[in-house]
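Now for the letters of each chain:
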2 protein chains.
Amino acid sequence: MSAPNRIESALKSALALGDGPARPPRLGAALHDAVFPGGGRVRPQLALAVARACGDHEPALVDACAAAVELVHCASLVHDDLPCFDDADWRRGRPTVHRVYGENLAVLAGDGLIALSFEVLARAPTLHPERLGALVRALAQGIGASKGLVAGQAWEAEPQVPLAAYHRAKTGALFEAAAVMAAVANGADPRPWKKVAAAIGEAYQIADDLADALGHAGALGKPVGQDLQHARPSAVHTFGLEGAFARIVALRGEAEAALPECPGRGHLTDWLGRVVERLLPSEQALAQVGCQLHAS
Amino acid sequence: MSAPNRIESALKSALALGDGPARPPRLGAALHDAVFPGGGRVRPQLALAVARACGDHEPALVDACAAAVELVHCASLVHDDLPCFDDADWRRGRPTVHRVYGENLAVLAGDGLIALSFEVLARAPTLHPERLGALVRALAQGIGASKGLVAGQAWEAEPQVPLAAYHRAKTGALFEAAAVMAAVANGADPRPWKKVAAAIGEAYQIADDLADALGHAGALGKPVGQDLQHARPSAVHTFGLEGAFARIVALRGEAEAALPECPGRGHLTDWLGRVVERLLPSEQALAQVGCQLHAS
């Protein structure tokens, strides 16, 4: 099965857990709309790419890891769109969960998805149940209130924001969780993969800031100019457009340099190239702001 | 160490995980205020009572289970108090988390506490790491979007509410998780303990409805009359005051009848009696509404 099919199939199985007449119907619909149709599914793709590089010895457990990080990501988007954060009406080209189902069900859908992410891990068939503890810890820390995405969001409510810690927590932490979990599920040392994922996560966050500043609303399917509007720290404010662009290219190099020796190293390098290519703003978008840049 | 001390100590250790300069300070304060000072701590008390009845062979793991269910309970209170739910200004006699720190940090504090609850489980020292899967599943289902407390809250957003399913999910599910986790941690069969906990949970929910209807604002430390104000299903509307009172007494009998043979059966029966005694409204409160009831 292709990676995208594995991911969608794992997410469908996850959402089916406990679905039925016992579930309040509007909550069920909100949960579904929070997860389908998806965006780039880049975190579960990272999990699958790392697993493949490590030999993919535990495909069912890796599918659970991939689904778990994506469920958490979807939960964070639903909460992030709430009026008390971004107050966003649109996400992925459709009305946001709280616009359709109300703020109360949006809060609950996010909570339910976080709980479900751990349940999915604990239910996954595996030859190595002793790996569950490390998987749960990695996922919890990716979400967590210290260096996880909860901390990342919370930095926005502080008067002083350390940009690197903010970005690493807001975006990097869940990328790191995806890669660490895939490595742990395969019995591989997670430490080099954490570095690879941290670089990809930072590149991804900078790309998001670039897209927000350059304003491809159509491509993002969500409102743009949010960083400026909410006075949020942004890599574009810090590095400028050219600096942000150059930083993404540098991070690709950092990620490649951190790759450990493994059976699927070549595949992962190719995958990394494609991901970073997609992150860079189009020449058209750059031309609109009178900017000319070169990737190499 | 006494049960209350074990619980407070386990919660302090949990909150200390990842505390430090990496944590956004206002989020850290919100997390602390969501958990301390506590309310009745009845769910972790149930976990410890069940563990004691089962021999308390794994005290560190049980402490983690007790802390985990209480963290989830605290998370649910923080989210439940939000303007899109109860819009409560007071909880346990103090301003609610969102009133002090804002709605955004209240949402994040709840999310962070849910993630922390799983991390605490996965970090607990134990001789039986193979039990973690069942513990994570039990906790996730207690929170969950099918029959857990998320589902319970979500029933309030449906036009048709099945009262038994609503109460069991909103309150019973986390009581059941507490008892099941304590039994599993001790290697005991969790099924009879689930029945015991379901009866206690239902009694607790009916007592909460009674307190809300009778209006001991002082005793509860939170607003009363919320069920009527929010048009929520309430055992008092369904059974009447006398019927609700009688149901609590009957549930004590159901819980006692479900107790399995175990070393600490006598202790648990005593504990149950004390808990139910505290749940019943005082004669004074009943006299104020012109109602005379007898427990037996």
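Report on the accompanying structure. (Residues numbered from 1 in each chain as written. Chains lettered and ligands numbered in written order. Predicted model: local features only at pLDDT ≥ 70, side-chain atom pairs only at ≥ 80, totals over all residues.)

## Side note on the environment of Gly273(B)
Residues and elements named next belong to chain B. Tracing the sequence through the fold places Gly-273 in helix α14 (residues 265-279). Taking the C-beta count within 10 Å as the criterion, Gly-273 has 13 such neighbours and is therefore assigned partly exposed. Along the primary structure Gly-273 and Ala-198 are separated by 75 residues, whereas in three dimensions their C-alpha atoms are 16 Å apart. (Helix = DSSP H or I, 4+ residues; strand = E, 2+ residues; numbered from the N terminus. Buried ≥ 20, exposed ≤ 12 C-beta atoms within 10 Å, placed from the backbone.)

## Quick word on the packing of helix α3 (residues 42-53) of chain B against helix α9 (residues 163-185) of chain B
Helix-helix packing is characterised by the crossing angle of the two axes and by the distance between the axes. Residues and elements named next belong to chain B. Contact geometry for α3 and α9: axes closest at 8 Å, N-to-C directions at 30 degrees. The orientation of α3 relative to α9 falls into the category roughly parallel. When you trace α3 past α9, the crossing you get is right-handed. Taken together, the residues of α9 that come into contact with α3 (itself represented by Arg-43, Pro-44, Leu-46, Ala-47, Val-50 and Ala-51) are Leu-174, Phe-175, Ala-178, Ala-179, Met-181, Ala-182, Ala-183 and Ala-185. Tallied by class, residues from the contact of α3 with α9 come to 13 nonpolar, no polar and one charged. (Axes fitted to C-alpha atoms, helices over the stretch in contact; angles between N-to-C directions. Parallel < 35°, antiparallel > 145°, perpendicular 65-115°, else oblique. Left-handed = near helix turned anticlockwise from the far one by under 90°. Contact = placed C-beta atoms within 7 Å. Nonpolar A, V, L, I, M, F, W, Y, C, P; charged D, E, K, R; others polar.)

## Regarding the relation of the copies chain B and chain A
Superposing chain B onto chain A takes a rotation of 180 degrees combined with a translation of 0.0 Å along the rotation axis, leaving an RMSD of 0.0 Å. Put plainly, the chains are arranged around a two-fold axis. Counting the interface residues of chain B, we find that 100% of their copies in chain A are interface residues as well, pointing to one common contact surface. (Least-squares fit on C-alpha atoms with pLDDT ≥ 70 in both.)

## Re the interface of chain B and chain A
Between chain B and chain A, the residue contacts involve 50 residues of the former and 50 residues of the latter. Broken down by secondary-structure element, the contributors of at least two residues to the side of chain B that touches chain A are α2 (25-35), α6 (103-123), α7 (132-143) and α8 (149-155) of chain B. With 15 residues, α6(B) is the single largest residue contributor to the side of chain B that touches chain A.

## Side note on the environment of Trp271(B)
Residue and element names in this part refer to chain B. Summarising the element assignment, Trp-271 is placed in helix α14. On the neighbour-count criterion, Trp-271 (20 C-beta atoms within 10 Å) is buried. Spatially, the C-alpha atom of Trp-271 lies 9.5 Å from that of Gln-45, the residues being 226 residues apart in sequence.

## Quick notes on the nonpolar core
Membership of the largest hydrophobic core comes to 210 residues, with the highest contact counts inside it found for Ala47(A), Cys65(A), Ala47(B), Cys65(B) and Met181(B). With near-sequence residues (within four places) excluded, Ala47(A) lies in contact with Val62(A), Cys65(A), Ala66(A), Val69(A), Ala178(A), Ala179(A), Met181(A) and Ala182(A). (Core = buried A, V, L, I, M, F, W, Y, C linked by C-beta atoms within 7 Å.)

## Thoughts on the environment of Ala49(B)
Residue and element names in this part refer to chain B. Take Ala-49: it is sitting in helix α3. Ala-49 sits in the buried class, given 24 other C-beta atoms within 10 Å. As a C-alpha pair, Ala-49 and His-267 span 218 residues in sequence and 8.0 Å in three-dimensional space. Ignoring any residue separated from it by four or fewer positions in sequence, one finds Ala-49 in contact with Leu-268 and Trp-271.

## Examining the packing of helix α2 (residues 25-35) of chain A against helix α6 (residues 103-123) of chain A
Residue and element names in this part refer to chain A. At a minimum axis distance of 9 Å, the contact between α2 and α6 shows a crossing angle of 70 degrees. The pairing of α2 with α6 is recorded here as roughly perpendicular in orientation. Classified by chirality, the crossing of α6 by α2 is right-handed. Listed contacts from α6 to Arg-26, Leu-27, Ala-30, Leu-31 and Ala-34 of α2 are Leu-105, Ala-106, Leu-108, Ala-109, Gly-112 and Leu-113. The class makeup of the residues in the contact of α2 with α6 is nine nonpolar, one polar and one charged.

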